[in-house]
Structures are given as structure tokens and as C-alpha cells.
Amino acid sequence: MTPYPTAVGSNTTATIARYGLTESSLRLLGKLFKSGRIRPAAPRRTMDAKPKGPRWWHGATLYQIYVRSWRDTNSDGYGDLPGVIAGLDYLQWLGVDAIWLSPTMPSPDEDWGYDVSDYLGVHPDLGTLADMDKLIAEARQRGIKIVLDLVPNHTSSAHAWFTDARSGRESAHRGYYVWADPVKREGEAGGGPPNNWRDAIGEPAWTMDDASGQYYLHNYLPSQPDLNWWDPRVHEEFRDIIRFWFDRGVAGYRIDVAHGLYKDALLRDNPPLIGGGRLDGGFGLRPVYSSHRPDTHGVYRDWRKIADGYSPQRLLLGETWMGDLGVLASYYGQNDELDLAFNLPFVFAEFNSGALAGVVDETLAKLPAGASPVWTASNHDISRFPTRWGGGDERKARLALLVLATLPGTTTFYYGDEIAMTDVAVPRELRRDRMSPGVGTEGRDAERTPMQWDASPSAGFTAEGVTPWLPLGDNAHRNVAAQRDDPRSTLCLVRDLLSGTDETFFQTVSARGSYTAAELLWGHKFTNIFLPPTADGIVRIDLRLIDGTEPAILPEIAPKS
Ligand SMILES: [Ca+2]
């Protein structure tokens, strides 16, 4: 790859030619350098030196792999763990510090692995325990850590615990799940569910077990019974599960539905949702009694002690689905609960500087000192940001990637973000997500389609002639192979942002910023990326664009409805 200029302005003629800059914009750059408004520092890395010692995820880049869609090595149409191993060199080149694997444990796949039937195994579609061990070892050789997805809120109804639990009221595992007798309400003949809770598709969160005459709770699908965290044996089971994978070299967990786990002991009705958005509730209810229960914090204090007992310290990263950043911050505790809590208000913010900067400012203000925020813009549940924020416009995706890569804290990319992969319209007959009715009319398959490795008919995902489990997107238009060969590509932009040292990072941003801003970002001349560091060493991002001497605010971009 052709190196970028070592300093903008050091070779004015070449810089102008290469990036199409004007003389005046170069003069502006020079002024900004001299004024100190731009600092040659990699802000995210400064968070390493905090009082509680180095934590590897501070300033790190995590990369989420939806394993079934990454690379298929045995031609069954599903990506697999050997496929992840095959992609490690690529991720090392990209500059990734850790991989979060979507669920890898055995599962009937009613919810594609988020219905676990064995927490100590590997799904046969994805590989074997030996493959997992090999992946951990091969990744370690490349300086990459492996983070697993852990699902503690519920199991699959096929899990041996639930099979036993539903065998009778006196069964050994009955107490592992949430059971309730029918409740007779005014005007009802017979009895009904014990409260008004709704599951993820909007149906009653209770299913009658005819054999015992009791309901069991499922906040997601009926095949995903909620665990009963009031039973101390459930805590013991999960301590064992956590240690099992930590002992094998797993570097941490992304914790599914981290705001769940405990439910109200009295099973009170949820109040109506008045105002609020997608993050505040659903189906007309605010889930104050079915999530965010105060006792859940004790689980993370307990797990944190276990995680901190390992060297290097293991990561606890929560899927914390909530709209209130104060509540989000509470999951960090006093730096004694979750290490990182996903920031969904950022994901769902509109793509404009005011909305994003507002979430960033409030997040940094509310987290406990020394804690790292974690930023992401796409995942397996949410429309990809090049579509949601950018409407498919690659220029807007590049700006979003620049923002993600330069925010202080930890960044998580979803596979394909780095090539600006967009959502794929999956025909109804090819959809695989059974939870779609509850999460949106188009469901979640659109953001789960196979990785676009190259322009071939199989996209390099699987063997030629094999039908992938979900249809391919426009891989001829956006793929890794083509972008890797093009130093001006989105992929190379991300690679430069992630893999540079402090100095080259700054130079890269400067160089990219000049042409990115001039050519791509709505005609403005330069992106003012950083504000001077604050007293605690955190450098803040400023999303304003500089045009001439006046700061300009990014134009409003309506999110895709
Ligand atoms: Ca496969």
C-alpha cells in the first residue's frame, strides 16, 4: 500500500494533487496544527493508565463475528469456527484486538444460538470443542482475544435443566425456572397468566405447562424459558460455566440481556409505557418488574470478582438495552460490576452531530471514573449503520467509521462494517429469524447475511454452487478483496485508523480528513476531530466540520424509518 504523506503540508504539491485540496484549505490545516486544536494523540489509548491498572479492553477494538455468516469451510452453507480461524490473518491485518463470537454453544436454534441447550459445549454446526481451543490458540498467536456470548437470562426449553424442571413440581431443577399458578381475574372464567408481561413477539410471557398446571415465564420465545435467579443453585451453575471457558483461555463474555436475570419476586404487573421509545419498553408496557431489577447488580459484582481473579483480567461486556444513560452507568457499579455496557442510545441516536455528541457527553459524564464506554453502531439485532444512518451512501458510512474509531473508550465493529456492508433485503420465503414479528416488520435477517469477501458468485463465503443459509448482498459492489487493493477504500481507512501508532494515527486522520472532508463529507474542507484533552486525559471528539474559519454543523440526516 502506498504510504500516506508523513505530514500534511510537508509536500504541498503532492498533497494537493493526491487529495484534491485547495491552497486555502492547506493554510487552514496549518493554522489548526499550530493552534493546537488538533492533537497528535490516539485518545482511546490514553485510558489504559487508570488507577485500577491496565485493562486490555480500554482503547481496544472488538469485532463481532456472527459465526454462521463469516466463512463456511465445510460447504454446508453455514459459517463455522474453522472459518473464523481462516479469517484471523485478515483481522490481524485490520488491527482488531478481540473477537466477540455470536453464540457458539449447542442450541436448537429457535433464536440462532440464544437458546442454549448446553453451556459447556460447541454447536455441531459450528465445530467442536477442539476447534474452539484451536481458535483461542491461533488467535492468541496473532494478539487477538476471544470473547464468547453468554446467555444467562434464559435457556432453551431443550436444556436438560428445563426437561427435568417440567417433569413435575417436585423435580430437582423445578426451581431453576420461574413458575406460577394461574390467577383468576375479575370477569375471567378459570385462571389466566399471573401478570400482564409480554414476550419479545408481543404474546403473553407465560406458557401453560399442562402436566403440572402451572405457567412458566419466557420473556423471549416460549422455547426460551427464563431462569430463576432467586435460586442460589442457578448462581452456582453460572459460576462454573464462567470458569469453564475462562480456564480454556476465553478472554471474556458478551452477556446477553444483561439487564434481565432477576424478575420481581411478586410478579407485579408492568405499568403502561407512556412516552418513551424502543429502548424504554414495548407492546405498551414499561418492563420495570421484568427487567432492571436491583438484585441483578449483585450477580455482576460476583462475576467481576471471578473475572478479576484471572490474568489478564477477563472482560464482562453487557448487552444493556435501555434508554437512560444513568441506568446504563449503574451497571458499571463502582467499577465492580460490568466492565463495559453497550450504549444503545448511541446506536439509536440520529446521525447528526448534536444527537451523537449529546449521547457521548452524557455517557462520559455519567460513567464512574476510570470506566471505559463502549461504542458500536451495528449488531445482529439492529439494522447496519451504513443503511440505517447512511442510506447506503458510503461517504456517510466512512464518517460514521471515523467517529467510531476515534471516540474515547472501546469500539465494537460488526463484521462487514469495515467495508460499509449494508442491510440485505431478504425475501420473506428465505427469512430465518423467528423473532422477526416482535422486532420489526423486516426482522433481523437483513443484518445477518454472509460476509462479502470477494466478487465471486459465492462471495468467498462458501464453495461455489452451495446455497448460503441467508442470501448474499451486493458483494460485487462491496467486498474485502477489492477494497484491500485500494488504499482509498473504506476498508483501508478502517485499517489505518485501527492499526496506526499514535503518530501515524494522527497523520492518517489528518490525511484522510482532508480528502474525506473535501470530497466526501458534504463539501466541507476539513473534519476537526479532536478537542484538547481534559484534565483526566480524555480527548473528546468534535463532530463539527470546519469550512473556512467557521465551524459548521453536520447537516441533519433523517434516520431510515
Ligand atoms: Ca459450515
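Draft legend 1. Fine view of the overall build of the protein chain. Counting its secondary structure elements, the protein chain contains 17 helices and 14 strands. Per-residue burial over the protein chain gives 48% buried out of 561 residues. Across the protein chain, the fraction of contacts at a sequence separation of at least 24, relative to all contacts at a separation of at least 6, is 64%.

Draft legend 2. Molecular detail of the pairing of strand E5 (residues 206-209). The pairing of E5 with strand E6 (residues 214-217) spans four bridges and is classified as antiparallel. Bridged to Met208 within E6 is Tyr215. Adjacent in sequence and paired antiparallel, E5 and E6 are bridged by four residues, among which Gly213 carries a positive phi angle near 70 degrees.

Draft legend 3. Just the sheet that holds E5, in detail. Pairing in this open sheet of three strands is antiparallel, and the strands run E4-E6-E5 from one edge to the other. Because the sheet does not close on itself, it has two edges, and the strands there are strand E4 (179-180) and E5. Relative to E6, E4 runs antiparallel, the two sharing two bridges. Of the residues in E6, the one forming a bridge with Ala180 is Tyr215.

Draft legend 4. Expanded view of the pairing of strand E2 (residues 98-101). Of the two faces of E2, the one carrying Ala98 and Trp100 and the one carrying Ile99 and Leu101 are both buried. Pairing between strand E1 (residues 61-65) and E2: four bridges, direction parallel. Bridge pairing in E2 links Ile65 to Leu101. The pairing of E2 with strand E3 (residues 145-150) spans four bridges and is classified as parallel. Among the inter-strand pairings, Ala98 is bridged to a residue of E3, identified as Lys145. Taken together, E2, helix H5 (residues 129-141) and E3 form a β-α-β motif whose crossover is right-handed.

Draft legend 5. Helix H8 (residues 296-308), seen in detail. Along its 13 residues, H8 runs 19 Å from first to last C-alpha, staying within 8% of the 18 Å computed at 1.5 Å per residue. Along H8, the residues that are buried comprise Thr296, Val299, Tyr300, Trp303, Arg304 and Ala307. One side of H8 holds all its buried residues, which, seen down the axis, span an arc of 135 degrees. Elements in contact with the buried residues of H8: helix H7 (232-247) and strand E8 (315-318).

Draft legend 6. Inspection of the nonpolar core at higher detail. Ile99, Val147 and Ala400 are the most contacted members of the largest nonpolar core, which totals 115 residues. Sort the elements by how many residues they give to this core and helix H13 (residues 394-406) lands first, with eight residues. Here this core spans two domains, and each of domain 1 (57-155 + 235-491) and domain 2 (156-226) adds at least three residues to it. If we skip the residues at most four places from it in the chain, Ala400 touches Phe351, Ala377, Phe385, Trp389 and Gly390. One finds Val424, Ala446, Trp469 and Leu470 within the second-largest nonpolar core, a separate group that totals six residues.

Draft legend 7. Molecular detail of unusual backbone geometry. Between Ser311 and Pro312 the backbone carries a cis peptide bond, its omega angle lying at -5 degrees. Position of Pro312 among the secondary structure elements: in the loop between H8 and E8. Not every positive phi belongs to a glycine, and His292 is a case in point at roughly 55 degrees. Here the phi dihedral of Ala420 falls at roughly 60 degrees; this positive angle occurs in a residue that is not glycine. Looking at the element boundaries, Ala420 is found in the loop between strand E11 (410-414) and helix H14 (436-439).

What counts, and where the lines are drawn
- Residues numbered from 1 in each chain as written.
- Predicted model: local features only at pLDDT ≥ 70, side-chain atom pairs only at ≥ 80, totals over all residues.
- Helix = DSSP H or I, 4+ residues; strand = E, 2+ residues; numbered from the N terminus.
- Buried ≥ 20, exposed ≤ 12 C-beta atoms within 10 Å, placed from the backbone.
- Contact = placed C-beta atoms within 7 Å.
- Pairing = 2+ DSSP bridges.
- Right-handed = clockwise from strand over helix to strand, strands pointing away.
- Expected span 1.5 Å × (residues − 1).
- Arc of directions from axis to C-beta.
- Core = buried A, V, L, I, M, F, W, Y, C linked by C-beta atoms within 7 Å.
- Domains from an automatic or database assignment.

These values are about where atoms sit, not about what they do.
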